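# Breakdown of the fold
Residues per chain are reported as follows:
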Amino acid sequence: MEEGLLTLSGSKSNINGASGDCSDVITPGGFSSSATPVVVLSALVALCGSFGYGCAVGYSSSAESGILEDLGLTIAAYSLFGSMLTIGGIIGALVNGKLTDLIGRRGTMWFSQVFSAAGWFTMAFAQSAWWLDIGRFSLGFGIAIICYVVPVYIAEITPKDLRGRFTSAHQLMMSCGVALAFFLGTVTTWRTLAVISAIPSLVHTIGLFFIPESPRWLAKIGRQKDFEAVLQHLRGKNADISQEEAEIMDYTKTFEQHSGKVIDLFQKRYAYSLIVGVGLMSLQQFGGANAVSSYASSIFADAGFSTSVGTISIALVGIPGVALSVLLTDKVGRRPLLMVSAGGLCLSLFLVGLAFCFQDLNLWKEVTPNLVFIGLLGQSVSYTIGVAGLPWVIMSEIFPINVKGSAGSLLSLVSWSSGWIVIYTFNFMMEWSSASTFFFFSAISGLTVLFVSMLVPETKGRTLEEMQASIAHFL
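Residues numbered from 1 in each chain as written. Predicted model: local features only at pLDDT ≥ 70, side-chain atom pairs only at ≥ 80, totals over all residues. Heavy atoms only, no water.

## Concerning the overall build of the chain
Regarding its fold elements, the chain presents 20 helices and zero strands. Considering the chain as a whole, with its 475 residues, one finds that 61% of them fall into the buried category. Within the chain, contacts between residues separated by at least 24 positions form 84% of all contacts whose residues are at least 6 apart in sequence. Approximately 17,100 Å² of the chain is accessible, and the part contributed by carbon and sulfur atoms is 68%. (Helix = DSSP H or I, 4+ residues; strand = E, 2+ residues; numbered from the N terminus. Buried < 20%, exposed > 50% of the residue type's maximum accessible area, 1.4 Å probe, protein only. Contact = heavy atoms within 4.5 Å. Areas by Shrake-Rupley, 256 points an atom, 1.4 Å probe, with all protein chains shown as cover.)

Next up, the structure:
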């Protein structure tokens, strides 16, 4: 396999693990770098799923006070409700990769939205904690599939020079969904919010009728004529797709000579990709950003700051942060954005921990609420610039087509399992020590900076096939 891949790449590939430099690989020319209306429409439809994902993440914080009052839930019961999203996500992570390979990217998005819509409506009409948990579980199962298949689909349909920008829009739409949930949570009831949050799922389901399947998946399953027609449709009827078509087919045939079972991921050729993927996914979650999103209102309440002003503010400032990420991903690269993002998280979370430390010591009581507010604003901006979305972008890029499904399931499982641990334990950690909780998150973010600088490769401006072949030879 290794000799074949070196021949296909047309040059010797070299990746410096310490610096993450992939620039020694010659990039084939001739591929279209412009986005056609079909590519834009397809990405926008897929991103409806990302918007719904954001609504799901922001829902528990927005609905917390209303649900506690209407259904009489205890803090422990509400922590279980909040974590049911990640429990459903863990189950969804077990099947999302294989499902994407089995029924295609478009079919998988359809499948996921059935569970997402069912979850929203179940929560909207729930009369007990039991039905509330079932709805949250169903929603978690659906969005666990969405959070994998959307970046993969967008990465596989977009030209290489625009791939990072388009794929990063996944996080932009998530941030918009979180902001909408936070805002509507202050002006509507939690039941109405659940119904409104189901709308993106319905729009996504309808929109899928009007977009094509991923050409790389069609090539993978041997539908040659459909592959050629879809690729031409995506690049424009007058575009020359011969070189891109040949490269995709050559790499697909070469990688498909090897099986794509989960156990195959632990072969030496995939070790580097696996280390990078698992590391990014686990560090992203243990940095605590999703716990902050889920329980933002209670954090502000503990700090003595207005919950409505605080939650809406951190949601809104995250939008320009992720917009900046979308604009810069293909210009400055994935690695610099990740390091800046993780560094900002480290400082911001340390500030929040310091504020709670002052509160515990009864120092500067009048300053503590503002310090927490400033720190969480910085955390929101820093997170959305890179750590929020770029691990999913990189995951969609570094694994070859033959193991992409298995890798997607494994890394999604790592992400959702880590997320469940953090979200479920967050309230208990805050009761133990608010300051220590945020100091821990700050330390994890500092570790992320080191991890990215030492191990994560730069992937901008390279075709998926060229990059995956070179990374497979890292070890």
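## Quick word on a nonpolar patch on the surface
Taken together, the side chains of Leu41, Ile206, Phe209 and Phe210 make up a nonpolar region of the molecular surface, amounting to roughly 460 Å² of accessible area. By the element assignment, Leu41 lies in helix H2 (residues 37-71). Overall, the relative accessible area of 41% leaves Leu41 in the partly exposed class. (Patch = residues over 30% accessible without salt bridge, like charges linked within 9 Å, V, L, I, M, F, W, Y side chains within 5 Å. Salt bridge = Lys/Arg side-chain N within 4 Å of Asp/Glu carboxyl O.)

## A look at the packing of H2 against helix H7 (residues 199-207)
Running from N to C, H2 and H7 point in directions that differ by 160°, and their axes come no closer than 8 Å. The angle between H2 and H7 places the two elements in the roughly antiparallel class. The element H2 and its partner H7 pack so that their crossing is left-handed. Here H2 contributes Val45, Ala46, Cys48, Gly49, Phe51 and Gly52 to the contact with H7, which in turn contributes Pro200, Val203, His204 and Gly207. When its residues are assigned to classes, the contact of H2 with H7 shows six nonpolar, four polar and no charged. (Axes fitted to C-alpha atoms, helices over the stretch in contact; angles between N-to-C directions. Parallel < 35°, antiparallel > 145°, perpendicular 65-115°, else oblique. Left-handed = near helix turned anticlockwise from the far one by under 90°. Nonpolar A, V, L, I, M, F, W, Y, C, P; charged D, E, K, R; others polar.)

## Things to note about the environment of Ser175
Within the secondary structure, Ser175 is located in helix H5 (residues 163-184). Here Ser175 falls in the buried class, since its relative accessible area comes to 6%. In this structure, the C-alpha to C-alpha distance between Ser175 and Val317, residues 142 residues apart in sequence, is 9.5 Å. Filtering out sequence-adjacent residues up to four positions away, Ser175 remains in contact with Gly318, Ile319, Val322 and Thr384.

## Focus: the nonpolar core
The biggest cluster of nonpolar side chains holds 95 residues, and the ones touching the most others in it are Tyr59 and Phe438. Tyr59 has contacts with Ile67, Phe81, Trp120, Met123, Arg136, Ala181, Trp190, Leu193 and Ala194, leaving out every residue within four places of it along the chain. Of all hydrophobic cores here, the second largest spans 28 residues; its members include Ile146, Val150, Leu162 and Val230. (Core = buried A, V, L, I, M, F, W, Y, C linked by side-chain atoms within 4.5 Å.)

## Observations regarding the packing of aromatic side chains
How two aromatic rings sit relative to each other is set out by the distance from centre to centre and by the angle between their planes. Scanning the model with the defined rule gives 19 aromatic pairs in all. A ring pair is formed by Tyr78 and Phe81, whose centres lie 5.3 Å apart and whose planes are at 50°; its orientation type is tilted. Residue Tyr78 and its partner Phe81 are located together in helix H3 (residues 75-124), separated by three residues, close to a single helical turn. Residue classification places Tyr78 among the buried positions, given a relative accessible area of 1%. By relative accessible area, which is 0% here, Phe81 ends up buried. Taking the centre distance of 6.3 Å and the plane angle of 55° together, the rings of Phe300 and Phe373 count as tilted. Here Phe373 lies in helix H16 (residues 368-387) and Phe300 lies in helix H13 (residues 296-303), a separation of 73 residues in the sequence. For Phe300, a relative accessible area of 0% corresponds to the buried category. By relative accessible area, which is 17% here, Phe373 ends up buried. Pairwise contacts between aromatic rings join Tyr295, Phe356, Phe426, Phe438, Phe440 and Phe441 into one cluster. (Phe/Tyr/Trp six-rings, centres within 6.5 Å; stacked < 30°, edge-to-face > 60°.)

## Examining the environment of Val326
With respect to the helices, strands and loops of the structure, Val326 is situated in helix H14 (residues 307-332). Overall, the relative accessible area of 11% leaves Val326 in the buried class. In sequence terms Val326 and Thr167 are 159 residues apart; their C-alpha atoms lie 8.1 Å from each other. Once residues lying within four places of it in the same chain are set aside, the contact partners of Val326 are Arg165, Ser168, Ala169 and Leu172.

## Here we look at the confidence of the model for the chain
Averaged over every residue, the pLDDT of the chain is 83; the share at 70 or more is 88%. Every residue in residues 1-32 scores below 50 in pLDDT, and together they form 68 contacts with partners more than four places removed in sequence or on other chains. (pLDDT = per-residue confidence, 0-100.)

## Brief notes about H14
In this model, H14 (26 residues) spans 36 Å end to end at C-alpha, consistent with the 38 Å of a helix rising 1.5 Å per residue. Helix geometry: H14 is bent most strongly at Val326, by close to 30°. Listing the buried residues of H14 in full gives Gly310, Thr311, Ser313, Ile314, Ala315, Gly318, Gly321, Val322, Ser325, Val326, Thr329 and Asp330. Those residues of H14 that are buried lie in contact with H2, H5, H13, helix H15 (334-360), H16 and helix H17 (390-398). (Expected span 1.5 Å × (residues − 1). Bend = angle between axes of the 7 residues up to and from the residue.)

## Some remarks on unusual backbone geometry
Phi is positive for Asn362, which is not a glycine, with a value near 60°. Among the secondary structure elements, Asn362 is positioned in the loop between H15 and H16.

## Some remarks on helix H11 (residues 271-286)
Helix length check: H11 (16 residues) gives 22 Å between terminal C-alpha atoms against 22 Å at 1.5 Å per residue, within 8%. With twelve of its 16 residues buried, H11 lies for the most part within the structure.

## A look at the side chain of Arg105
With respect to the element layout, Arg105 can be found in helix H3. The exposure class of Arg105 is buried, given its relative accessible area of 0%. Within the local environment of Arg105, its side chain forms a polar contact with the backbone oxygen of Thr100, the two atoms lying 3.3 Å apart. With residues up to four places along the chain from it excluded, the contact list for Arg105 reads Thr100, Val149, Val152, Tyr153, Glu156, Glu213, Ser214, Trp217, Ile401 and Lys404. (Polar contact = N/O pair within 3.5 Å; in protein donor to acceptor, adjacent residues only side chain to side chain.)

## What to know about the environment of Pro369
Mapping Pro369 onto the fold places it in helix H16. In sequence terms Pro369 and Phe300 are 69 residues apart; their C-alpha atoms lie 7.6 Å from each other. In this structure Pro369 touches Ala303, Gly304 and Phe305, once residues within four positions along its chain are discounted.

## Topic: the pattern of salt bridges
Evaluated as defined, the whole model comprises six salt bridges. Measuring nitrogen to oxygen at the nearest pair gives 2.8 Å for the salt bridge that ties Glu156 to Arg105. You can see Glu156 sitting in helix H4 (residues 129-157) and its partner Arg105 sitting in helix H3, a full 51 residues away along the chain. Taken individually, Glu156 and Arg105 each receive the classification buried, so the pair is uniform in this respect. A network of salt bridges, in which partner residues are shared, links Asp101, Arg105 and Glu156.

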